[in-house]
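What follows is each chain in one-letter form.
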Amino acid sequence: TGVVAAGEDAIRDFALLPVPGNGIITGTVTDGETHEILVATISVPDLPEGYTGSTVCDENGVYNLEIPEGTWTIRADAEGYVTVTRRVTVVADETLIQDIQMRPELVAGQVLSFSNIYFDSGSSNIKPESFPLLDTIAETLLANEGVNVRIVGHTDSDGSNSFNQGLSERRAQSVYQYLVNKGIPVS
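Definitions and cut-offs
Note on numbering: residues in each chain are counted from 1, in written sequence order. Note on the predicted model: pLDDT of at least 70 is required for a residue's local features to be given, and 80 or more for side-chain atom pairs to be given and counted; whole-chain, interface and lining totals, by contrast, use all residues. Values reported for side chains reflect all heavy atoms of the structure, with hydrogen atoms and water molecules removed beforehand. Secondary structure elements are taken from DSSP: a helix is a run of H or I of four residues or more, a strand is a run of E of two residues or more, and numbering for both begins at the N terminus. Throughout, a residue-residue contact means that at least one pair of heavy atoms, one from each residue, lies within 4.5 Å. Definitions used throughout: a 1 Å grid over protein atoms alone; a cavity as a set of points that fits a 1.4 Å probe which cannot get out; a pocket as an open set with protein on both sides within 12 Å along at least five of seven lines; a lining residue as one with an atom within 4 Å of a point. Grid points are joined across faces, edges and corners, and a volume is the space filled by probe spheres set on the points. Take the buried Ala, Val, Leu, Ile, Met, Phe, Trp, Tyr and Cys residues and link them wherever side-chain atoms come within 4.5 Å; each set so joined is a nonpolar core. Each residue gets one of three labels from its accessible area relative to the maximum for its type: buried under 20%, exposed over 50%, partly exposed in between, using a 1.4 Å probe on protein chains only. Two strands qualify as a pair provided DSSP detects at least 2 bridges between them. Each axis is a line fitted through C-alpha atoms, and for a helix only the stretch in contact is used; angles between axes span 0 to 180 degrees, taken between their N-to-C directions. To pair, rings of Phe, Tyr and Trp, with the six-membered ring standing in for Trp, must have centres within 6.5 Å; the planes then decide the type, stacked if under 30 degrees apart, edge-to-face if over 60, and tilted in the middle. Any Lys NZ or Arg CZ that is within 6 Å of a ring centre and within 35 degrees of that ring's normal is treated as a charge sitting over the ring. By this rule the span expected of a helix is its residue count minus one, scaled by 1.5 Å. The arc under discussion is defined with respect to the helix axis, by the directions toward the C-beta atoms. Note on angle classes: values under 35 degrees are labelled roughly parallel, values over 145 roughly antiparallel, values of 65 to 115 roughly perpendicular, and the remainder oblique. Left-handed is the label given to a crossing in which the near helix is rotated counterclockwise from the far helix by less than a right angle, and right-handed is the label when the rotation is clockwise. Polar here means any residue other than Ala, Val, Leu, Ile, Met, Phe, Trp, Tyr, Cys and Pro, which are nonpolar, and Asp, Glu, Lys and Arg, which are charged; Gly is therefore polar.

Quick notes on the side chain of S43
And step 1. Within the secondary structure layout, S43 lies in strand β2 (residues 41–43).
And step 2. Look past the residues within four positions of S43 in its chain and what remains in contact with it is G53, S54, T73, I74 and R75.

So, in structure tokens, the structure goes:
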């Protein structure tokens, strides 16, 4: 708002921001173990005003959200399952496919076995292709506050028993340290 007196000129500069274009994020939600279709709520909690920030999967487990371009956190919630969050980058006028696999909530006494955490041969260095699974494990543990877990490592039969025992322990320690670095309490 400005006031201009009779006979005077007024100059105002305005900085205009471009309106972001919209993109679509879509995918299916399934049980990560059984691959059964899940009906989940998918939300993007930090969207600007005027955007619908959530949707529910259809009977085929498919969801679609139109959101502005940018980097956002999507969240998948389903009853009896651990919440999944993921950072995604949406590009205007493009469709981003994000299939989501969810894990059931943890139950006391439950044993979870993961055979796809990989290490360099004869080493306790975790290979980068294992990071997404370890990140999912960290999310599961963070979503189940107060749970206690035991980490066990294994090796192949190459080498002596004492070397393999030490290697197993070092690999378990590497997984432990990775999870602690992701915010899992040491206890």
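Notes on the layout of surface pockets
Over the atoms rolls a probe the size of a water molecule, and its path tells where empty space is left.
And step 1. What the largest pocket holds in volume is close to 1100 Å³.
And step 2. Taken together, 37 residues line the largest pocket, and the ones lying closest to its centre are L112, F114, R150, I151 and V152.
And step 3. Those elements that provide at least two residues to the lining of the largest pocket are α1 (131–143) and α2 (161–181).

Quick word on the nonpolar core
And step 1. Counting 21 residues, the largest nonpolar core has V29, I42, Y63, I67, I100 and M102 as its most contacted members.
And step 2. Mapped by element, the contributors of at least two residues to this core are β1 (22–31), β4 (62–68), β5 (70–77), β6 (84–90) and β8 (100–102).
And step 3. Not counting residues within four places of it along the chain, the set of residues in contact with Y63 comprises I25, T26, G27, T28, V29, I42, T55, C57, I74, Q98 and I100.
And step 4. In terms of nonpolar packing, the next biggest core, distinct from the first, is built from 13 residues, F119, V175, L179 and I184 among them.

Notes on the sheet that holds β2
And step 1. Spatial ordering of the open sheet is given by β3-β2-β5-β6, a layout of four strands whose pairing is antiparallel. The open sheet has two edge strands, β3 (54–56) and β6, and neither has a second partner. Adjacent strand axes in the sheet meet at a mean angle of 25 degrees, parallel and antiparallel pairs treated alike.

Here's the deal with the packing of aromatic side chains
And step 1. Inspection of every chain in the model, using the stated rule, returns one aromatic pair.
And step 2. Consider the rings of F131 and Y178, whose centres lie 5.4 Å apart with planes at 20 degrees: the pair is stacked. With F131 in helix α1 and Y178 in helix α2, the pair connects residues that are 47 residues apart, well separated along the chain.
And step 3. The aromatic ring of F163 is capped on one face by R170, whose charged end is 5.8 Å from the ring centroid.

Observations concerning α1
And step 1. Taking 1.5 Å as the rise per residue, α1 with 13 residues should run 18 Å; its terminal C-alpha atoms sit 18 Å apart, in good agreement.
And step 2. Inspection of α1 places L133, L134, I137, A138, T140 and L141 among the buried residues, and these make up the whole buried set. Buried residues along α1 cover an arc of 160 degrees about the axis, so they all sit on one side.
And step 3. Of the surrounding secondary structure, the elements contacted by the buried residues of α1 are α2.

Concerning the packing of α1 against α2
And step 1. The interhelical angle for the contact between α1 and α2, taken along N-to-C directions, is 60 degrees, at an axis separation of 10 Å. The angle between the axes of α1 and α2 places the two elements in the oblique class. α2 is crossed by α1, and the crossing has right-handed handedness. Of the residues in α2, those in contact with F131, L134, D135, I137, A138 and L141 of α1 are V175, Y178 and L179.
And step 2. Grouping the amino acids of the contact of α1 with α2 by side-chain chemistry returns eight nonpolar, no polar and one charged.

A short note on the pairing of β1
Residues in a regular strand point their side chains to alternate faces of the sheet.
And step 1. For β1, a buried count of seven out of ten residues is recorded, marking the element as mostly surrounded by other parts of the structure.
And step 2. With seven bridges connecting them, β1 and β4 associate as antiparallel partners. Bridge pairing links T26 to N64 in β4.
And step 3. Pairing geometry for β1 and strand β7 (residues 95–97), over three bridges, is parallel. If you follow I25 over to β7, its bridge partner there is L96.
And step 4. Note that β1 and β8 share three bridges and pair parallel. Residue pairing across strands places D31 opposite M102, the latter belonging to β8.

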